[in-house]
Amino acid sequence: MMDVLYFFDVPVWILLAVTLVTLLYIYGTQTHSVWRKLGIPGPRPLPFLGNAHEIRRLGMAEAFRQWGERYGPVVGVFFMRRPMLVINDVNMLKQILITDFHNFTNRGSPIPKAFMDDVFGNCLLFVEGEEWKRLRGILSPIFTSARLREKSVLINKACNKTVGTLLDASHQRERVPIDVIFRKFTIDVILSSLLSIDPDGNAAATELFQQHVPKMIRPSPWRLKMFLLSGMFPFLSPVLGKLADESQDAREFYISFISQIAEKRRGAPEGTYKDFLENMAEAEIDDCAESRTKLTFKELVSQASLFFLAGNDTSSFVLTVLAYLLARHQDIQDRLVAEIKRELGSDLSEDTSFKGKTTPLLNYDSIQKLHFMKACVLEALRLHPVISVFTRQALESTEISGYPIPAGAGVYVPVKSVCSDPDLYPEPELFKPERFLKDHLENQVTDPAGGVGLGSSMFLPFGVGPRNCIGMRLGLFQVMMVMAAVLRKVRFVSAPGEFKLPRAVMFGIPPFSEPVMVEVEAREEH
Ligand code: HEM
């Protein structure tokens, strides 16, 4: 070995080192000329990293806002070596998300396939093309109004538990960590509506789920580093994916927990449970079914795990933000309470659900009457979208509004930037729920439920088009339902001046950096 080293003299070593660095540089910048050649402006990428360093420094939402200001409606950037377009123009977004959806069906997830496991690899969020169409077709019917109506009783139970917690806190006259309380609520809702686990007797299951969820949705710094390395050297992904697999125990927990329940239920008469698992199991069939119009058992477990993860932190984030905003805007809170009393009845003793009856006053239909409530939820989401960026990928080369998009290029949909655009939302920094009331809106798309905002490419917190959030109705329903239940009994009195909202993250849902403390007070019953 030493002989070989001595065989080369210093100039040869220098030449070899320079060649290696040059080759690495060429590899690290190989894709970085795409946008320049196509005449699309954008920030200068660094070798290997592309513009990921700026995204990391500023946070996604802020980086996209600054680039939009500097370069205009279409910005060419690179996530590591991968060309991506940030599109701020709502008409172009409409074309991508709705009109030309056939060419933008896939998310082009930034998470390499080698980092996917049995659970995530097969779930609706990440599957592509025909496989996505098939799964979405099978799963959509389980989120209809009729199906949600069936869940009212269970969700009502979870609401009452939350009201009880807040009433107790109001007696102690202390600020409470509202994010933690609402997180327990959304776990209760998903455990009960998905698996019929009673919110009153699920402490152990809740504990286990709380323990495992973060591992699945929040990659550790180590896993993030492995993601980034695989973005630099995609050919190393299989090895890096294995090194970064930290959620094996969490995954095994989900698979075995849900499998055991599903297995126990095999053969039970239809209509025994009326939860999402039963709704999905109606579509379940053995793995070799040729028509593939139903779910396989493995697919069923994957989707159930996904619903648990996707439906939990999203809704509790919205609830936390809304409670905070209402505590800071007493006038809006008063208007909301007036609507609740007017539409749902002011006599609190009529609330039969508190007496354990199965016909709760709050249910899917009564909640639909709360138009101002819905406007408040949409406005909270506009101000602080849970998911501030999502992606699509062009299947074939195309041109939109004169901008070329090559096959394989990704599109960043900058939810937060669009929702803060003063041309679309005057005084965007203000909490003004009336923006979403019909009378105040021009050029606004009306959703089938009679609300406004949803369905328009101006309002992106749930996505729009065929691949929007499949759980949107459930998300809105549980948020509106618990807010109505809570506000009838307590007032959000105050909250600290500024709480630090988490910065948008590249992967997953951002955690609150510290508990969001809100003071609550019991309302006088009259
Ligand atoms: C307020 C609560 C929620 C918010 C803000 C939210 C937001 C989103 C967003 C922005 C997307 C991406 C949409 C796109 O790419 O166009 C999405 C997708 C998705 N969401 Fe939600 N979500 C919420 C609640 C839920 C709930 C309760 C569930 C299920 C129980 C759920 C399940 C899903 C699934 C499965 C997808 C992937 C859909 C697909 O790829 O076809 N979400 N959500």
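Since the structure is predicted, the reported quantities are computational estimates derived from the model, not experimental observations.

What counts, and where the lines are drawn
All residue numbers refer to position in the chain's written sequence, counted from 1. Whole-chain, interface and lining totals are the exception, using all residues; otherwise, since this is a predicted model, local features are given only for residues with pLDDT of at least 70 and side-chain atom pairs are given and counted only at 80 or more. Computation of side-chain values covers all heavy atoms of the structure but excludes hydrogens and water. Going along the chain from the N terminus, every DSSP run of H or I of four or more residues is numbered as a helix, and every run of E of two or more is numbered as a strand. Here's how the labels work: a residue is buried when its accessible area is under 20% of the maximum for its type, exposed when over 50%, partly exposed in between, all with a 1.4 Å probe on protein chains only. For every accessible area listed, the method is Shrake-Rupley and the probe measures 1.4 Å; residues are considered covered only by the protein chains on display. UniProt positions are given in the numbering used here, feature names are shortened, and annotations may be inferred rather than shown by experiment. We call two residues in contact when some of their heavy atoms are within 4.5 Å. To pair, rings of Phe, Tyr and Trp, with the six-membered ring standing in for Trp, must have centres within 6.5 Å; the planes then decide the type, stacked if under 30 degrees apart, edge-to-face if over 60, and tilted in the middle. By the criterion adopted, a ring carries a charge over it if an Arg CZ or a Lys NZ lies within 6 Å of its centre and within 35 degrees of its normal. For two strands to be treated as a pair, DSSP must find no fewer than two bridges joining them. Axes, fitted as lines to C-alpha atoms, cover a helix only where it is in contact. Angles between the N-to-C directions of the axes lie from 0 to 180 degrees. Helix crossings are classified by the rotation of the near helix relative to the far one: an anticlockwise turn of less than a right angle makes the crossing left-handed, while a clockwise turn makes it right-handed. Classification convention: Asp, Glu, Lys, Arg as charged; Ala, Val, Leu, Ile, Met, Phe, Trp, Tyr, Cys, Pro as nonpolar; all other residues, Gly among them, as polar.

Undergrad: Help me understand the overall build of the protein in this model?
TA: For the protein, the helix and strand inventory stands at 23 helices and nine strands. Counting across all 526 residues of the protein, residues that qualify as buried make up 53%. When the accessible area of the protein is evaluated, it comes to approximately 24000 Å², of which 58% is carbon and sulfur surface.

Undergrad: Honestly, the UniProt feature "binding site: heme" (unreviewed entry) in the protein in this entry has me stumped. Any pointers?
TA: On the UniProt side, "binding site: heme" (unreviewed entry) is annotated at positions that read C469 here. Examined against the element boundaries, C469 turns out to sit in the loop between α22 (415-419) and α23 (472-489). In this structure C469 touches R136 and F462, once residues within four positions along its chain are discounted.

Undergrad: Please clarify how the packing of aromatic side chains should be interpreted in this entry.
TA: Note on aromatic pairs: each is described by the distance of the centres and the angle between the planes. Following the criterion strictly, the structure yields 14 aromatic pairs and no others. Summarising the aromatic geometry, the rings of Y27 and F48 are spaced 6.2 Å apart at their centres and angled 50 degrees between planes, so their arrangement reads as tilted. With Y27 in helix α2 (residues 10-29) and F48 in the loop between α3 (34-38) and α4 (52-58), the pair connects residues that are 21 residues apart, well separated along the chain. Note on Y27: relative accessible area 23%, which makes it partly exposed. Between Y27 and F233 the ring centres are 6.2 Å apart and the planes differ by 5 degrees, which places this aromatic pair in the stacked class. Of the two residues, Y27 is situated in helix α2 and F233 in the loop between α13 (221-232) and α14 (237-243); the sequence distance between them amounts to 206 residues. One aromatic cluster is present, built from ring pairs that chain together Y27, F48, F233 and F235. If you follow R81 out to its NZ or CZ, it ends over the ring of Y27, 3.9 Å from the centre.

Undergrad: How should I be thinking about the sheet that holds strand β1 (residues 74-79) in this particular structure?
TA: Sheets are built from strands that pair by backbone hydrogen bonding, the pairs being arranged parallel or antiparallel. One open sheet holds the four strands; their spatial order is β1-β2-β7-β4, and the pairing between them is mixed. The open sheet has two edge strands, β1 and β4 (390-393), and neither has a second partner. Adjacent strand axes in the sheet meet at a mean angle of 30 degrees when their direction is disregarded. Pairing analysis gives three bridges linking strand β2 (residues 82-87) to strand β7 (residues 410-413), with the strands arranged parallel. Across the sheet, the residue bridging to M84 is G410, located in β7.

Undergrad: What exactly am I supposed to notice about the packing of helix α15 (residues 248-265) against helix α17 (residues 297-310) here?
TA: In helix packing, the relevant descriptors are the interaxial angle and the interaxial distance, both defined with respect to the helix axes. Viewed as axis vectors pointing N to C, α15 and α17 meet at an angle of 120 degrees, and their least axial separation amounts to 10 Å. Seen along the crossing, α15 lies across α17 with a hand that is right-handed. Here α15 contributes Y254, I255, I258, S259, A262 and E263 to the contact with α17, which in turn contributes F297, L300, V301, A304, S305, F308 and L309. Of the residues contributing to the contact of α15 with α17, the split by class is 10 nonpolar, two polar and one charged.

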